[in-house]
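Fold and geometry: a report
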Amino acid sequence: MLAPALLPAGATLCLFRMPPNASLHGIATDGLMRWNLIALLACFTAAHLWLVVAIFLRKQSTANAVISQQKKNNIVPNAAGKSQQAQPPAPHHAFSLQWLLLPILCAMYIWMAVTAQHLWAADRFEGPSPGAMQVEVVGQQFVWYFRYPGQDAAFGITRPSLVNAATGNPLGLDPQDPRGNDDLVASELVLPVGREVDLRLRSLDVIHGFFIPAMRLKQNAVPGLVLHVHFTPIAVGIYPILCSQVCGSGHARMQAELRVVSPSAYQDWLKAKEQQHQQEAAQ
Amino acid sequence: MMKRIFTTSHRVIGAHYLQLSLTAVAVGTLLSLLMRIHRVWPDTPLPFYGILKPEDYLALVTMHGTLMIFFVLTTAPQSGFANLVLPAQIGARQMAFPRLNAAAFWLAVAAFVILISAFFVPQGAPISGWTSYPPFSAIAAAGPGQGAGMDLWLVSIGVFCLSSWLSSVNMLATILTERCPGMTWTRLPMTVWAWLVTSILTLLVFSVLLAAIVLLYSDRHFGSSFFVPLGDIVNGHIVGRGDGSPLLWLHLFWFFGHPEVYIAVLPGMGLATSLFANFTRRNVPGYRTMAAMLVLIGLLGLAVWGHHMFVSGMNPYAGTAFALTTMAIAVPSTVEVLGWLTLLSYGGLRLKTPMLFALGFLSFFIAGGLTGPILAQPALDSYLHNTFFVVAHFHLVMAMAGVFSIFAGVYYWFPLLTGRLMNETLGKVHFWISLIAAYGTFFPMHLTGLAGEPRHYERLSGPIASFSAILPAERGITYSALLLAAAQLLFLWNFISSARRGQRAESNPWQATTLEWAPEGFAVRVEHGPYDYSVPSGEAKFIPQWEAASKQE
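Residues numbered from 1 in each chain as written. Chains lettered and ligands numbered in written order. Predicted model: local features only at pLDDT ≥ 70, side-chain atom pairs only at ≥ 80, totals over all residues.

Here we look at the overall build of chain B
Helix and strand content of chain B: 15 helices and two strands. Radius of gyration (C-alpha) of chain B: 24 Å, near the 24 Å computed for a compact globule of 553 residues. Seen through its principal axes, chain B has C-alpha atoms that stretch 80 × 55 × 50 Å. The contacts in chain B between residues at least 6 apart in sequence include a share of 81% that link residues at least 24 apart. (Helix = DSSP H or I, 4+ residues; strand = E, 2+ residues; numbered from the N terminus. Rg over C-alpha atoms; globule rule 2.2 N^0.38 Å. Contact = placed C-beta atoms within 7 Å.)

The structure is reproduced here in structure tokens:
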């Protein structure tokens, strides 16, 4: 019974790691993750070695400590082997080791906090560069929609009362707003490689979690809020987009595809999408 | 019979609390096994039920979490053990408010019954997880189980808040006013320090949770809009008419939710300190520091809730602030761990079953605690948040550490309950299988989490992403979980058979120093610290707290 339980656990150690990184900021994130895992695994091992040694250690240290304390205090044990005046034994050397290890570990925590904050600040304190392309991500039980602003680079107004997926307006675009006329709504996220993208996250109903493992990116989409995250994909490929915040019975199948393509392929896709949009508008 | 049920005797109430927890942990474990089986064999029909639907899986997750956190990890270490031994440990004859205490217990039972009844209403139990984020939890149309099931969940947790509140008022008053003469702050056993901190935390944070639950209930039934934003559309209908904020719930909930972790684990830390001292026969080095660190962990614990919200849409600057307070809490935790390791390194450990479980607690506390600093870094959490890495983290540091400390307490205090000892051999077998199976269950979850697997996924392969590569690990986890659960049958058997035919215990079987082991009618003046081991005193090599000062001169 034990073997089937332990073998896969051991096998996982060598087999599994994070999916390959495909984003610019992910390089630093992965480096940070790696040394954090190594440092903490080392702490885990060291603490357990200490535990195992302690378990097999016989209680000599007490006797030694008592004797040394007695010598220090010039107390000679009497014939019965009992000291005249019993003193608590002197502190063990491990006690001072404790106060040596503490600053080292604290230094490690501080270093972790500083390096991580550095990355966090770079990702989230600073907005995207002015040239970043805009895409809106909208979560709804249990689909992701992606809206591109079109030629005018501006998103049209949406109204909850106009939301109607059956008539082809899943996001509730207001036809009165001219900025929305060229907005493209897609069910997949297509991005050109190497260009920074500024995502604007919304949700129509409940809280969803927008998660692209390969982009090292996670941000909740919260109804009532518009939240921005930005990143730069650096490798062409197809990556899954998941929902990471339980949102209902379809949570596990609320997935979409991120396609990172070459800039020219992106332009082709955009043109085809625009033509399709114009044909639909003409009908 | 009525007298026995509606007793105000704290020891009987303590035993009742433990029975309630035992029932809850049995149900909660069963639910988790169904989850584990479904994840590995999603298309295999269950006997008497058929194929689990996605919402059934989420209902299992929700009820498992709620049962384990409220009715096991909050109830057993705090209310159960504290009622059993706290008054004795401080030399009090009874609790400060015995009737309030009994009322608190029956409220907890009522909360449990209400929660379980959610399984039997139309559409079944709620599916929004134990954190119940709105608007998902605020709108009945958001999913199956979010109607009557969610209402019952809210009422149950509301009643549980009241129960915890009354119980902690009673405990706090008892510790503050009922200590016997001579029981100064520096002579309190570490368990009492822990209960002092947890009862203050309970008082503060369960009030906030109760308020949040009342607000959410009001959103659902009285047309208010605390948590539902304007224009929110669920299932094709506009439900958001006010301008509420889902993030408000997250703040209120996690202000409760994070200290809750310390409510679950601090009593275990106190107990582990006592057991390490007892079974190494050494005084606790730096007693004042250890006690101060317990208090500091409790205090800091009130200021770190935002680390559950790094990716929630909270201001990123707030993320930085919460990351720093969270990292700060690693310091007192490290001091505690180093203190224990120092105590243990004196050697000569007596590896009795309670000691083994206390060591197991320490092992899990270290294993789960060390991933804390990783998750406290928003840059890393923005990958790991809501993946199985987090599941591994809190199951080790809260669930397994908590449960192992509960086991340590049961094996250790069993003679107080029954006058008998639990069987050592069975206890040791129970320990080793549980330790290995618990690591086998929760350690690989770090790796599936690193692979990106999100929580609350009822199956591993979706329309786009497939996690079939981690299926072998998932199978290993399931086998391990089954083994872990099976090992607990050994504990049950040991508990029942030892209660009936176990070896009779002497009056102080562990040669302990704290007052719960004092013989009847000891002099009610305490002259000694709680851990005066390895201090020669006549024949014995230790001085119990009930020993009069004159004796050793």
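Okay, back to it.
Let's talk about the overall build of chain A
If you tally the helices and strands in chain A, you get five helices and ten strands. When the 283 residues of chain A are sorted by exposure, 34% land in the buried category. (Buried ≥ 20, exposed ≤ 12 C-beta atoms within 10 Å, placed from the backbone.)

So, the packing of helix α13 (residues 388–418) of chain B against helix α14 (residues 424–450) of chain B
Two packed helices can be described by the angle between their axes and the distance between those axes. All names here are of chain B. Their axes nearest at 8 Å, the elements α13 and α14 cross at an angle of 165°. One element, α13, and the other, α14, form an angle in the roughly antiparallel class. Judged by the twist between their axes, the crossing of α13 over α14 is left-handed. In this structure, α13 contributes F388, F389, V390, V391, A392, H395, L396, M400 and Y411 to the contact, and α14 contributes G427, A438, F442, F443, M445, H446, T448, G449 and L450. Of the residues belonging to the contact of α13 with α14, the class tally is 13 nonpolar, five polar and no charged. (Axes fitted to C-alpha atoms, helices over the stretch in contact; angles between N-to-C directions. Parallel < 35°, antiparallel > 145°, perpendicular 65-115°, else oblique. Left-handed = near helix turned anticlockwise from the far one by under 90°. Nonpolar A, V, L, I, M, F, W, Y, C, P; charged D, E, K, R; others polar.)

A closer look at the confidence of the model for chain A
All names here are of chain A. Averaged over all residues, the pLDDT of chain A equals 84, while 81% of them reach at least 70. In the predicted structure, residues 1–5 sits below a pLDDT of 50 and forms nine contacts with residues beyond four places in sequence or in another chain. Confidence over residues 60–91 falls short of pLDDT 50; this stretch has 33 contacts with residues more than four positions distant or in other chains. (pLDDT = per-residue confidence, 0-100.)

Some details on the sheet that holds strand β8 (residues 227–231) of chain A
Residue and element names in this part refer to chain A. The strand order across the open sheet formed by five strands is β3-β2-β1-β5-β8, and the pairing between neighbours is mixed. The sheet terminates laterally at β3 (184–186) and β8, the two strands that pair on one side only. Neighbour to neighbour, the strand axes of the sheet diverge by 25° on average, direction disregarded. (Pairing = 2+ DSSP bridges.)

Some points on the interface of chain A and chain B
The interface is formed by 89 residues belonging to chain A together with 94 residues belonging to chain B. When residues of the side of chain A that touches chain B are traced back to their parent elements, those giving at least two are α1 (2–15), α2 (24–56), α3 (60–72), α4 (93–125), β6 (208–212), β7 (217–221), β9 (237–243) and β10 (256–261) of chain A. It is α4 of chain A that provides the largest number of residues to the side of chain A that touches chain B, a total of 17 residues. Taken together, the residues of the side of chain A that touches chain B sort by class into 56 nonpolar, 22 polar and eleven charged.

Details of the sheet that holds β6 of chain A
Residues and elements named next belong to chain A. With mixed pairing, the five strands of this open sheet are ordered in space as β4-β10-β9-β6-β7. If you trace the sheet from one side to the other, it starts and ends with β4 (189–192) and β7, each paired once. Taking each pair of neighbouring strands and ignoring which way they run, the sheet shows an average axis angle of 20°. Inspection of the sheet shows β6 paired to β9 by two bridges, in the antiparallel sense.

Here we look at the environment of H208 of chain A
All names here are of chain A. Checked against the element boundaries, H208 lands in strand β6. On the basis of neighbour count, H208 is assigned to the buried category, with 33 C-beta atoms found within 10 Å. Placed 79 residues apart in sequence, H208 and S129 show a C-alpha to C-alpha distance of 26 Å. When near neighbours in sequence (up to four residues on either side) are disregarded, H208 contacts G139, S203, N220, A221, C243, Q245 and C247.

Quick look at the domain arrangement of chain A
Under the domain assignment used here, chain A contains domain 1 (22–125) and domain 2 (133–282). Counting from both sides, the interface comprises six residues of domain 1 of chain A and, opposite them, twelve residues of domain 2 of chain A. (Domains from an automatic or database assignment.)

Section: the environment of A486 of chain B
All names here are of chain B. Inspection of the secondary structure puts A486 in helix α15 (residues 471–501). What makes A486 partly exposed here is the crowd of 13 C-beta atoms within 10 Å. In this structure, the C-alpha to C-alpha distance between A486 and S434, residues 52 residues apart in sequence, is 9.1 Å.

Quick notes on α14 of chain B
For α14 of chain B, spanning 27 residues, the distance from its first C-alpha to its last is 39 Å, which sits close to the expected 39 Å at 1.5 Å a residue. At the C-terminal side of α14 of chain B, G452 of chain B shows a positive phi close to 105°. (Expected span 1.5 Å × (residues − 1).)

Quick notes on the pairing of strand β5 (residues 197–203) of chain A
Each regular strand shows side chains that alternate between the opposite faces of the sheet. All names here are of chain A. Where strand β1 (residues 133–140) meets β5, seven bridges bridge the pair, whose relative direction is parallel. Paired with G139 across the strands is S203, a residue of β5. For β5 and β8, the ladder comprises five bridges, and the chain directions are antiparallel. Bridge pairing in β8 places V197 opposite F231.

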